[in-house]
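Observations on chain architecture
The residues making up each chain are set out below.
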Amino acid sequence: MADDSVKKTKATEKLNRPSGFKVPFQLLDQDGPPSNQWLVQVSQEARHVWCHDFLSEIFNGEDVGVDPLGNDFCILRGKQSVTSKQLLSTVFPRWMSPLEHQWPTKPSTDGFVEKAAQGLSRKFGARWESLEVLSTTPELKRIAVGLKGRLSQLSDSDDDSTSKSGVLTALIDQKGLYAGMSISRLNMGTALPGGLGFLSKSEKPSNELPSRAGGKIREVLALLEELKVNKTHFPNWLELGSAPGGMTQCLLEWGANVTAVDLADMSPSVLKNKGLRHLRINAQQLKEASEFDAILSDMNGPYENAARIVANLGATLRQDALVVFTLKLPKLNDARKALAEVTQCFRAHSLEILATKHLFHNRQEVTVFARRA
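So, here's what we can say about the structure. (Residues numbered from 1 in each chain as written. Predicted model: local features only at pLDDT ≥ 70, side-chain atom pairs only at ≥ 80, totals over all residues. Heavy atoms only, no water.)

**Describing unusual backbone geometry**
For the record, the criterion: Strands are runs of DSSP state E lasting at least 2 residues, helices are runs of H or I lasting at least 4, and numbering of each runs from the N terminus. Only protein chains enter the calculation, and the probe is 1.4 Å; a residue is then buried if its accessible area is under 20% of its type maximum, exposed if over 50%, and partly exposed in between.
Here the residue pair A243 and P244 is connected by a cis peptide bond, since its omega of 5° sits within 30 degrees of zero. Looking at the secondary structure, you find P244 in the loop between strand 9 (236-240) and helix 8 (246-254). Even without being a glycine, D320 presents a positive backbone phi close to 70°. Structurally, D320 can be placed in the loop between helix 10 (303-314) and strand 13 (322-328). Relative accessible area serves as the criterion here: at 4%, D320 is assigned to the buried category. Even without being glycine, S350 reaches a positive phi, approximately 65°. In this structure, S350 sits in the loop between helix 11 (335-347) and strand 14 (351-357). Relative accessible area serves as the criterion here: at 35%, S350 is assigned to the partly exposed category.

Below you can see the structure in the form of structure tokens.
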């Protein structure tokens, strides 16, 4: 029965893919001017590993100051300047921005929003094309919303829109206001500064998503859309370790056809969707994946086994097909060793690593992006 099910994947509907399409998912190529001060969002659980195993490499062993702010935010201060490309290579930053403006004050003081807006306008003018105002605590969110509205008003009053570009980001903490300009969202390491839940008003209640995994793939899809990539570029997905279907649901809503592989049950609400085929088999039973445009893997178990399965299938993909692989770590301290092993395994099967990120919904895991070279 399993062999028959695998053969049925040949019936997957194909969409017309733009001719000559190349995967543009080069997150680590999104670079900007260097700075020695950065606002960075790194989970508190990963911060020790980030500082000791990754930051020391790009700063050549020099002392680096990491000053914690509220929540997962911190200020990175180094003696030498580094670029966003270098910081992205350290895996764990979820979001980053050069620190170019700092105002130590209590946001709860009278007139804070107006004074902050005027100060940011003097510093950056209205040259920003996109605006993000974040807060480190729920109590400060109301002030952040007010500041964003006032900055938008000041920008709208500026008639010269021809020179506007980049992203202005302001962060409000109990200790004050911090801000900087980035050339793009991808230059900040994410299409969702601050996180999916903070920004998306249309986000479904968590009880409507079959699993936390849905948040991970939503961030991946947001990054793809930022790169002008849509379902026509990657219409047919092979998903490994799909149950209960949190990622599957998001891919289907994006417009992709999904062949979901898992021995476990899928959520009944997910199974109702058109464009879905569930193969109740072990992923090791699949021998090739030539009819698919992308592989998504969120398999449990030892990462070595999962990487080997994905690499073997990835070697049969078409050129420039996409691979999104969740590398589940025994512990975060194993990150550097595990990444080196997975990179070697993928390269041996003609899979080129494009980026590795600790997404907002990643916990003791990182997400690896690769393409069929």
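Structure shown, so let's carry the discussion forward.
**Topic: the layout of surface pockets**
For clarity, the cut-off: A 1.4 Å probe that fits but cannot get out identifies a cavity on a 1 Å grid over protein atoms alone, an open set with protein on both sides within 12 Å along at least five of seven lines counts as a pocket, and a residue lines either if it has an atom within 4 Å of a point. Grid points are joined across faces, edges and corners, and a volume is the space filled by probe spheres set on the points. Basically, the charged four are Asp, Glu, Lys and Arg, the nonpolar ten are Ala, Val, Leu, Ile, Met, Phe, Trp, Tyr, Cys and Pro, and anything else, Gly included, counts as polar.
Approximately 450 Å³ is the volume attributed to the largest pocket. Surrounding the largest pocket, 30 residues form its lining, G241, D262, D298, M299 and N300 being those nearest its centre. When contributions to the lining of the largest pocket are tallied by element, the ones reaching two or more residues are helix 7 (213-226), strand 9, helix 8 and helix 10. Tallying contributions element by element places helix 10 first for the lining of the largest pocket, with three residues. Considered class by class, the residues forming the lining of the largest pocket number 14 nonpolar, 10 polar and six charged.

**Some details on the sheet that holds strand 8 (residues 176-182)**
The cut-off we apply is this: At least two DSSP bridges between two strands are needed for those strands to be called paired. The axes used here are C-alpha line fits, helices contributing only the stretch in contact, and every angle between their N-to-C directions lies in the interval 0 to 180 degrees. Here, residues are in contact when the closest pair of their heavy atoms is within 4.5 Å.
Pairing is mixed in the open sheet, where four strands are placed in the order 5-8-7-6. Whereas interior strands pair on both sides, the edge strands pair on one side only; in this sheet they are strand 5 (101-104) and strand 6 (130-135). Across the sheet, the mean angle separating the axes of adjacent strands is 10° when strand polarity is ignored. Of the strand pairs in this sheet, strand 7 (residues 167-173) and strand 8 are connected by seven bridges, and their pairing is antiparallel. By the bridge assignment, V167 is partnered in strand 8 with S182. Relative to strand 6, helix 5 (residues 141-156) is tilted by about 160°, and along the sheet it contacts strand 6, strand 7 and strand 8.

**Some details on the packing of helix 4 (residues 112-124) against helix 5**
Our working definition: Here roughly perpendicular refers to angles of 65 to 115 degrees, roughly parallel to angles under 35, roughly antiparallel to angles over 145, and oblique to all remaining angles. In a left-handed crossing the near helix is turned counterclockwise from the far helix by less than a right angle, and in a right-handed crossing that turn is clockwise.
Running from N to C, helix 4 and helix 5 cross one another at 45°; their axes reach a closest spacing of 9 Å. Taken as axis vectors, helix 4 and helix 5 run oblique relative to one another. For the element pair helix 4 and helix 5, the recorded crossing hand is right-handed. Every residue of helix 5 that contacts helix 4 at F112, V113, E114, A116, A117, Q118, L120 and S121 is listed here: I143, G146, L147, R150, L151 and L154. Of the residues in the contact of helix 4 with helix 5, the class split is nine nonpolar, three polar and two charged.

**Side note on empty space enclosed by the protein**
Per the counting criterion, the structure on display carries one cavity of 30 Å³ or more. Together, G32, P33, W38, S84, P98, M181, S182, I183 and N187 line the largest cavity. Among the residues forming the lining of the largest cavity, the class breakdown is five nonpolar, four polar and no charged.

**A short note on the side chain of Q41**
Here Q41 lies in strand 1 (residues 35-41). Sequence-distant contacts of Q41, that is, excluding residues within four places in its chain, are made with D72, F73, F92, P93, R94, W95, G194 and F360.

**A word on the pattern of salt bridges**
Note the threshold: By definition, a salt bridge exists where a carboxyl oxygen of Asp or Glu is found within 4 Å of a side-chain nitrogen of Lys or Arg.
Applying the stated criterion across every chain, the model contains 14 salt bridges. Where R185 meets E132, a salt bridge forms, and the shortest distance between an N and an O atom there is 2.8 Å. Remark: E132 occurs in strand 6 and R185 occurs in the loop between strand 8 and helix 6 (196-199); sequence separation between them is 53 residues. Exposure class is identical for R185 and E132. Each is buried. Among the salt bridges present, the one from K216 reaches D298, with a minimum N-O distance of 3.1 Å. One end of the pair, K216, is in helix 7; the other, D298, is in the loop between strand 12 (294-297) and helix 10, with 82 residues separating them in the sequence. This pair shows no difference in class: K216 is buried, exactly as D298 is. Within this structure, K216, D298, K328 and E365 form a network of salt bridges that share partners.

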